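# A closer look at the structure
Listed below are the residues making up each chain.
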Amino acid sequence: MKGVKLMRSDLVKKGLERAPHRSLFKALGLTDEEINRPLIGIVNSKSEVVPGHMHLDKIAEAVKAGVRIAGGTPMEFPSIGVCDGIAMGHTGMHYSLPSRELIADSVESMALAQGFDGLVLIPNCDKIVPGMIMGAARLNIPAIVVSGGPMLAGRHNTNQSERPKESFFEKLKDKFLDKSAEENGVKGVSLTDMFEAVGAVEAGKMSEEELDCLENNACVSCGSCSGMFTANSMNCLTEALGIALPGNGTIPAVYSERLRLAKMTGMRIMDLVRDDIKPRDIITSESISNALTVDMALGCSTNSMLHLPAIAHEAGVHFDLEIANSISEKTPNLCKLAPAGHHFVEDLYLAGGVYAVMKELSKNGLMNESCPTVNGKTTGENIADACNKNPDVIRPINKPYSKTGGIAVLRGNLAPDGSVVKRSAVRREMLVHKGPAKVFDSEEDAIKAILANQIEKGDVAVIRYEGPKGGPGMREMLMPTSVLAGMGLDADVALITDGRFSGATRGACIGHVSPEAADGGNIALVKDGDIISIDMNACTIKIEVSDEELEERRSSWISPPPKIKTGYLARYARFVSSASEGAVLKL
């Protein structure tokens with residue numbers, strides 16, 4: 001390849017002393033010509049456990065074709081990946097967030113051990129996207145992301161004559177009816193509806209037969225679950241960061257356009273290697289600001305408030321949660337994708353995708369347009385010709401859903417270092433709420449209480465000892481929030497936790513409370529009946545207990561013993577930082 005004199009891979013293939021190494025390359029079937037080309041690591045998280053990853057072998061083959069077209073030698077290796085949906089509500093969820101660090105470490109290990117000249121990262125779901133980017137930013141060798149793409153929304157017929165008027169399906173019909181199918185009552189559904197349906201069955205608002213019908217229609221294809229949940233949030237933000245090509249966040253998994261994107265990504269990594277453009281050239285304070293701005297406009301998952309700080313940390317960029325509020329104050333919420341509304345990521349794709357959102361934001365000067373991106377153009381050049389094709393899906397900048405962003409960071413004596421809520425998915429009547437606390441020391445205890453009808457309208461359910469250290473692993477709590485929603489209590493009950501909530505969560509669900517209970521944060525001192533005041537407009541969260549009373553309680557507080565004392569999670573709990581710092585590992 002012209003212009004390349006020295007390669008990173010020379011370390012493993014050049015010179016007399018590397019003859020043994022070359023013999024091993026030849027054992028792989030590589031020719032001298034292939035060995036002499038740039039070696040490109042293809043990090044593929046394909047598996048048969050994650051629906052969003054089941055097709056990534058095809059994406060990888062397309063990437064490798066692109067690398068070869070452009071004169072490189074692709075070398076594929078695997079990455080682990082946890083399916084959060086399958087891990088939800090049991091021991092498995094302890095491992096989801098911690099797997100992000102394993103993925104970052106494995107990318108670092110493989111890239112340095114094998115001497116790759118560049119990397120193509122192929123993630124799709126939840127922690128795999130940020131984990132791979134974190135590893136690439138830590139290494140700082142040329143890298144680019146191409147994901148597997150979003151799942152298509154399921155379709156379900158809500159018109160069944162013998163269904164009670166107040167049934168779960170009637171509520172879904174009112175909230176998520178596909179407007180293009182209004183006459184026949186077909187609505188878009190996703191994994192969120194499945195979790196909420198469990199609560200509906202428990203509340204007698206849905207039959208088990210109806211549940212089975214929904215189960216067979218909710219998740220209809222490969223790809224990351226169809227709403228603006230964590231996976232699709234992070235995939236969309238790869239475009240805003242500039243670390244992926246246009247369309248990476250929204251082109252559906254089943255579209256052939258996704259394969260073409262993968263081939264172009266394979267070709268593009270060769271240009272990045274030639275020009276020595278590295279992740280830290282792309283991931284800067286300005287591009288992080290762009291990602292946060294797009295995050296607010298899209299109404300992304302609150303998990304982005306863990307992953308963006310973690311990516312920034314690995315890229316050497318300072319990140320403070322207060323940045324999120326300052327950006328949210330001036331960024332309008334332009335989209336309400338499921339679970340906040342009735343649109344899905346495929347609708348965002350048809351409306352013009354992430355770049356159309358960025359174009360709208362640029363009209364108010366909210367984008368840093370000089371940021372470089374992996375396609376060789378600046379952000380401004382990339383969005384110059386973008387067009388909003390459907391103002392119902394992407395609201396014009398002068399007609400937003402709200403004048404402030406979809407995510408808010410709340411502070412107060414309950415969360416001195418911050419807490420996070422997806423404000424765009426909260427009902428208006430719950431933006432300001434005051435109620436008595438009902439305290440649970442685990443997610444399981446909270447779910448039992450909800451199913452036993454022990455949570456009443458007006459309550460504030462507090463779920464603690466579920467933070468990064470206390471969990472350990474900061475479990476995602478889609479089950480309790482969805483059961484509440486399915487029982488019709490999401491408009492009357494708030495949930496607060498030092499754990500986290502799923503991107504599929506809707507309602508007054510406030511997570512990431514810091515400091516966490518296991519670190520002696522004030523959430524550990526809350527008692528049943530304490531009045532908790534929440535104001536999401538003012539970004540405050542308080543327990544109405546005097547400082548003197550809190551200090552008296554603290555004097556008798558005893559830190560509980562670790563829940564897990566062996567294996568990876570024991571090591572993770574020892575070194576993990578606060579959620580306010582992205583829950584990264586620190587020595």
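Rules and cut-offs
Residues numbered from 1 in each chain as written. Predicted model: local features only at pLDDT ≥ 70, side-chain atom pairs only at ≥ 80, totals over all residues. Heavy atoms only, no water. Helix = DSSP H or I, 4+ residues; strand = E, 2+ residues; numbered from the N terminus. Buried < 20%, exposed > 50% of the residue type's maximum accessible area, 1.4 Å probe, protein only. Contact = heavy atoms within 4.5 Å. 1 Å grid on protein atoms, 1.4 Å probe; cavity = no way out; pocket = protein on both sides within 12 Å on 5 of 7 lines; lining within 4 Å. Points joined across faces, edges and corners; volume = space filled by probe spheres on them. Nonpolar A, V, L, I, M, F, W, Y, C, P; charged D, E, K, R; others polar. Phe/Tyr/Trp six-rings, centres within 6.5 Å; stacked < 30°, edge-to-face > 60°. Patch = residues over 30% accessible without salt bridge, like charges linked within 9 Å, V, L, I, M, F, W, Y side chains within 5 Å. Areas by Shrake-Rupley, 256 points an atom, 1.4 Å probe, with all protein chains shown as cover. Salt bridge = Lys/Arg side-chain N within 4 Å of Asp/Glu carboxyl O. Pairing = 2+ DSSP bridges. Axes fitted to C-alpha atoms, helices over the stretch in contact; angles between N-to-C directions. Lys, Arg positive; Asp, Glu negative; His and termini not counted. Charge placed at Lys NZ, Arg CZ, Asp CG, Glu CD.

### Describing the environment of Ile 394
When you line up the elements, Ile 394 lands in the loop between helix H19 (379-383) and strand S7 (408-412). The buried category is assigned to Ile 394, whose relative accessible area is 0%. For the pair Ile 394 and His 343, spaced 51 residues apart in sequence, the C-alpha separation works out to 10.0 Å. The contact partners of Ile 394, leaving out residues within four places of it in the chain, are Leu 334, Cys 335, Leu 348, Ala 351, Gly 353, Ala 356, Val 357, Glu 360 and Asn 388.

### Considering empty space enclosed by the protein
All chains considered together, the criterion is met by 4 cavities of 30 Å³ or more. Approximately 60 Å³ is the volume found for the largest cavity. As for the largest cavity, its lining consists of Thr 302, Lys 422, Ala 425, Phe 501, Ser 502, Thr 505, Arg 506, Gly 507 and Cys 509. Here the residues of the lining of the largest cavity are counted per class, giving 3 nonpolar, 4 polar and 2 charged.

### Points about the packing of aromatic side chains
A complete count under the given rule lists 3 aromatic pairs for this structure. Measuring from centroid to centroid gives 5.6 Å for Tyr 255 and Tyr 349, while their planes differ by 80°, and the two rings are edge-to-face. With Tyr 255 in the loop between helix H11 (230-241) and helix H12 (256-275) and Tyr 349 in helix H17 (residues 345-350), this pair connects stretches of sequence that are 94 residues apart. According to the relative accessible area criterion, Tyr 255 is partly exposed, its value standing at 33%.

### Points about a nonpolar patch on the surface
Together, Ile 69, Met 264 and Met 267 make up an exposed nonpolar region whose accessible area comes to about 290 Å². Along the polypeptide, Ile 69 turns up in helix H4 (residues 56-69).

### Here we look at the sheet that holds strand S3 (residues 118-122)
Hydrogen bonds between backbone groups are what pair the strands of a sheet, and the pairing can be parallel or antiparallel. Spatially, S2-S1-S3-S4 is the arrangement adopted by the 4 strands of the open sheet, whose pairing is parallel. Edge positions in the open sheet fall to strand S2 (73-78) and strand S4 (143-145), since each of these has one partner strand only. Taking each pair of neighbouring strands and ignoring which way they run, the sheet shows an average axis angle of 20°. Direction of pairing for strand S1 (residues 39-44) relative to S3: parallel, over a ladder of 5 bridges. When the sheet's bridge partners are listed, Gly 41 is paired in S3 with Leu 119. On top of the sheet, helix H7 (residues 128-139) reaches S1, S3 and S4; it is set at about 165° to S3, its chief contact.

### Some thoughts on the layout of surface pockets
Looking at the largest pocket, its volume works out to about 640 Å³. In terms of lining, the largest pocket is formed by 26 residues, of which the most central are Lys 336, Arg 423, Ser 424, Val 426 and Arg 428. The element contributing the most residues to the lining of the largest pocket is helix H16 (residues 321-330), with 3 residues. Grouping the amino acids of the lining of the largest pocket by side-chain chemistry returns 7 nonpolar, 10 polar and 9 charged. Along the wall of the second largest pocket there are 27 residues; nearest its centre are Cys 83, Asp 84, Gly 85, Leu 191 and Cys 225. Sorting the residues of the lining of the second largest pocket by element identifies helix H5 (84-87), helix H9 (191-202), H11 and helix H21 (478-486) as the ones contributing at least two each. Taken together, the residues that form the lining of the second largest pocket break down as 16 nonpolar, 8 polar and 3 charged.

### Quick look at a negative patch on the surface
Side chains of Glu 202, Glu 208, Glu 209, Asp 212 and Glu 215 sit close together on the surface and give a patch of like negative charge. If you trace the backbone, Glu 202 turns up in helix H9. The exposure class assigned to Glu 202 is partly exposed, which follows from its relative accessible area of 49%.

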